[in-house]
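If you want the building blocks of each chain, they are given just below.
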Amino acid sequence: MEGASYQRFPKIKIRELKDDYAKFELRDTDASVANALRRVMIAEVPTIAIDLVEIEVNSSVLNDEFIAHRLGLIPLTSERAMSMRFSRDCDACDGDGQCEFCSVEFHLRAKCMSDQTLDVTSNDLYSSDHTVVPVNFTDSAGYDSSEQRGVIIVKLRRGQELRLRAIARKGIGKDHAKWSPAATVTFMYEPEIHINEDMMDTLSLEDKQSFVESSPTRVFDIDPNTQQVVVVDPEAYTYDDEVLKKAEAMGKPGLVEIYAKEDSFIFTVESTGAIKASQMVLNAIEILKQKLDAVRLSEDTVEADDQFGELGAHMRGG
Amino acid sequence: MNAPDRYERFVVPEGTKKVSYERDTKIINAATFTIEREDHTIGNILRMQLHSDENVLFAGYKLPHPLQYKILVRIHTTSQSSPMQAYNQAINDLDKELDHLKNAFENEVAKHARDF
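The rules behind each value
Residues numbered from 1 in each chain as written. Chains lettered and ligands numbered in written order. Predicted model: local features only at pLDDT ≥ 70, side-chain atom pairs only at ≥ 80, totals over all residues. Heavy atoms only, no water. Phe/Tyr/Trp six-rings, centres within 6.5 Å; stacked < 30°, edge-to-face > 60°. Helix = DSSP H or I, 4+ residues; strand = E, 2+ residues; numbered from the N terminus. Buried < 20%, exposed > 50% of the residue type's maximum accessible area, 1.4 Å probe, protein only. Lys NZ or Arg CZ within 6 Å of the ring centre and 35° of its normal. UniProt positions renumbered as here; feature names shortened; annotations may be inferred. Contact = heavy atoms within 4.5 Å. Buried area = accessible area lost by both parts, 1.4 Å probe. Salt bridge = Lys/Arg side-chain N within 4 Å of Asp/Glu carboxyl O. Nonpolar A, V, L, I, M, F, W, Y, C, P; charged D, E, K, R; others polar. Core = buried A, V, L, I, M, F, W, Y, C linked by side-chain atoms within 4.5 Å. Pairing = 2+ DSSP bridges. Axes fitted to C-alpha atoms, helices over the stretch in contact; angles between N-to-C directions.

## Brief notes about the packing of aromatic side chains
Next, step 1: Applying the stated criterion across every chain yields a total of 9 aromatic pairs over all chains.
Next, step 2: Ring geometry for phenylalanine 33 of chain B versus tyrosine 87 of chain B: centroids 4.2 Å apart, planes at 5°, classification stacked. Pair noted here: phenylalanine 33 of chain B is in strand 2 (residues 30-36) and tyrosine 87 of chain B is in helix 2 (residues 83-115), with a separation of 54 residues, a long-range link.
Next, step 3: With relative accessibility at 0%, the residue phenylalanine 33 of chain B sits in the buried group.
Next, step 4: Clustering of aromatic rings is evident, with ring pairs tying together Phe24, Phe187, Tyr189, Phe265 and Phe267 of chain A together with Phe105 of chain B.
Next, step 5: Over the ring of phenylalanine 86 of chain A we find arginine 88 of chain A; its NZ or CZ atom is 4.6 Å from the centre of that ring.
Next, step 6: Note that lysine 178 of chain A overlies the ring of tryptophan 179 of chain A, its terminal NZ or CZ placed 4.7 Å from the centroid.

## A short note on unusual backbone geometry
Next, step 1: One non-glycine residue, glutamine 227 of chain A, adopts positive backbone phi at about 60°.
Next, step 2: We classify glutamine 227 of chain A as partly exposed; its relative accessible area is 39%.
Next, step 3: With a phi angle near 55°, arginine 37 of chain B is a residue other than glycine that sits in the positive phi range.
Next, step 4: The topology assignment puts arginine 37 of chain B in the loop between strand 2 and helix 1 (40-51).
Next, step 5: We classify arginine 37 of chain B as buried; its relative accessible area is 14%.

## Details of the UniProt feature "coiled-coil region" (unreviewed entry) in chain B
Next, step 1: Under the UniProt annotation, "coiled-coil region" (unreviewed entry) lies at residues 84-111 of chain B.
Next, step 2: Helix makes up 100% of residues 84-111 of chain B and strand 0%. Its end C-alpha atoms lie 41 Å apart.

## Observations concerning the UniProt feature "domain: DNA-directed RNA polymerase RBP11-like dimerisation" (unreviewed entry) in chain B
Next, step 1: Under the feature "domain: DNA-directed RNA polymerase RBP11-like dimerisation" (unreviewed entry), the UniProt entry names residues 30-103 of chain B.
Next, step 2: Each end of residues 30-103 of chain B is marked by a C-alpha atom, and these two atoms are 36 Å apart; helix forms 45% of the span and strand 30%.

## Notes on the interface of chain B and chain A
Next, step 1: The partner chain A presents 54 residues to the 48 residues of chain B that form the contact.
Next, step 2: Each partner contributes to the roughly 5,000 Å² buried at the junction of chain B and chain A, and carbon and sulfur atoms together form 61% of this total.
Next, step 3: If you look at where chain B meets chain A, you find 9 salt bridges.
Next, step 4: Lysine 289 of chain A is the salt-bridge partner of aspartate 99 of chain B, the closest N and O atoms lying 2.7 Å from each other.
Next, step 5: When contributions to the side of chain B that touches chain A are tallied by element, the ones reaching two or more residues are strand 1 (19-23), strand 2, helix 1 and helix 2 of chain B.
Next, step 6: Among the elements that line the side of chain B that touches chain A, the one with the most residues is helix 2 of chain B, at 23 residues.
Next, step 7: Classifying every residue of the side of chain B that touches chain A gives 19 nonpolar, 12 polar and 17 charged.

## Details of the pattern of salt bridges
Residue and element names in this part refer to chain A.
Next, step 1: For the coordinates displayed, the defined rule picks out 34 salt bridges over all chains.
Next, step 2: Here arginine 80 and aspartate 129 are joined by a salt bridge, their closest N and O atoms 2.0 Å apart. Note that arginine 80 is positioned in the loop between helix 2 (64-72) and strand 4 (103-111) and aspartate 129 in the loop between strand 6 (125-127) and helix 3 (138-141), a separation of 49 residues in sequence.
Next, step 3: Judged by relative accessible area, aspartate 129 falls into the buried class, the value being 15%.

## What about the nonpolar core?
Looking at soluble globular proteins, one finds that nonpolar side chains tend to be buried together.
Next, step 1: Ranked by internal contacts, the top residues of the largest apolar core, which has 54 residues, are Phe24, Leu26, Met41, Phe267 and Val269 of chain A together with Tyr87 of chain B.
Next, step 2: Among all residues touching methionine 41 of chain A, those that are not within four sequence positions of it are Ser180, Pro181, Ala182, Val185, Phe267, Val269, Met280, Val281 and Ala284 of chain A.
Next, step 3: Ile50, Ile74, Ala110 and Ala168 of chain A belong to the second-largest nonpolar core, a separate cluster that totals 23 residues.

## Quick notes on the sheet that holds strand 1 (residues 11-18) of chain A
Next, step 1: The sheet built from 4 strands is open, its strands ordered 1-2-12-9 (chain A) with antiparallel pairing. Each end of this open sheet is capped by a strand with a single partner; those strands are strand 1 and strand 9 (182-195) of chain A. Recorded for the sheet is a direction-independent mean angle of 25° between the axes of neighbouring strands.
Next, step 2: Sheet topology places strand 1 of chain A next to strand 2 (residues 21-27) of chain A; 7 bridges connect them, and they run antiparallel. Looking across to strand 2 of chain A, one finds that lysine 11 of chain A is bridged to arginine 27 of chain A.
Next, step 3: In this fold helix 1 (residues 31-43) of chain A packs onto strand 2, strand 9 and strand 12 (256-271) of chain A, with an angle of close to 155° to the strand it touches most, strand 9 of chain A.
Next, step 4: Contacts from helix 2 of chain B reach strand 1 and strand 2 of chain A within the one sheet, and its direction differs from that of strand 1 of chain A by about 40°.

Here is the structure:
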């Protein structure tokens, strides 16, 4: 008894793709799928982050837990995270989370010996695994690459020292935001803007100009040759209704009509650098598939219901 | 002090079933699925997918309480189908849609890498 399939075939078009940024169009699906993808990217795509800190010496101005918290928030390169184990279901170390399958160890030793304050940064963290290191922002963000700027953890003055051991583990953003690979993930409905040209022709040039200027974002403009109002950037529209109110105020309701296409979305994905933005989308799809697989009915539930069905049929005299 | 562990939000406790199914006692072809440790992410895509099924008369989900980490999905179908059949069909269709999406995205990434 297989029912008909109601599968959709969504389309994707990438507009812009950088290591830590992606912008793409998603079409022929509905908001529930777009929102599920967004939610999974923010809260359920795993990364690696420092989760346990043992402080040996800390004579800095910041207290131990303050430093531990700062360490946790440093993004670590997490390409390995998808294939890594969660510490809580790691068999190799009985869940104490200190083995190579589920954890990475870091060491930090810094002591200020001069009168100049010493910046302790993420570059001072020494990793036991060369694939899991603090994210290096210098090349992608456009800073001078000769300047290796890490994330500042603490500043030390003469004689102050920081020495610690840290364990990084795999986790998800639902557990703690430090594990979220997403800086921002947003999607918007693609707007569809229709100008009633006949009605627009009845406006004077000044009216057209004030209509164009009524939009807080530059959605419309006036063609210098034909003096007609044209849509220059529909996506700049923020669904603020300002131009519709303006049209109404000018006594021209219906001058423009704006719809949100219910099946077209424009996604913006920004990564913290832990994983590439494109990989983040792919991982999200994979995680969502795994989640769907986990909510399939188990065999014994189906069996129990079959028996119930027979019983019911029997009781109805079948 | 007595805060529950954070992982309780997404780890199914031992001895509990991820999905349980309960038929409606009064209405034929209606049932409620209780899904442990899931939220709007799964609830909403299942609901919307079920709405595209012609044999589904009603499909809805709720998160009964923000501190109870479970959702209830209620399905009522025509006699041509059953809640269980509709539920399985919705998951299969979504799974295939995501397969398609994954391929589409990978192709686009490859295309993008070539062009730029």
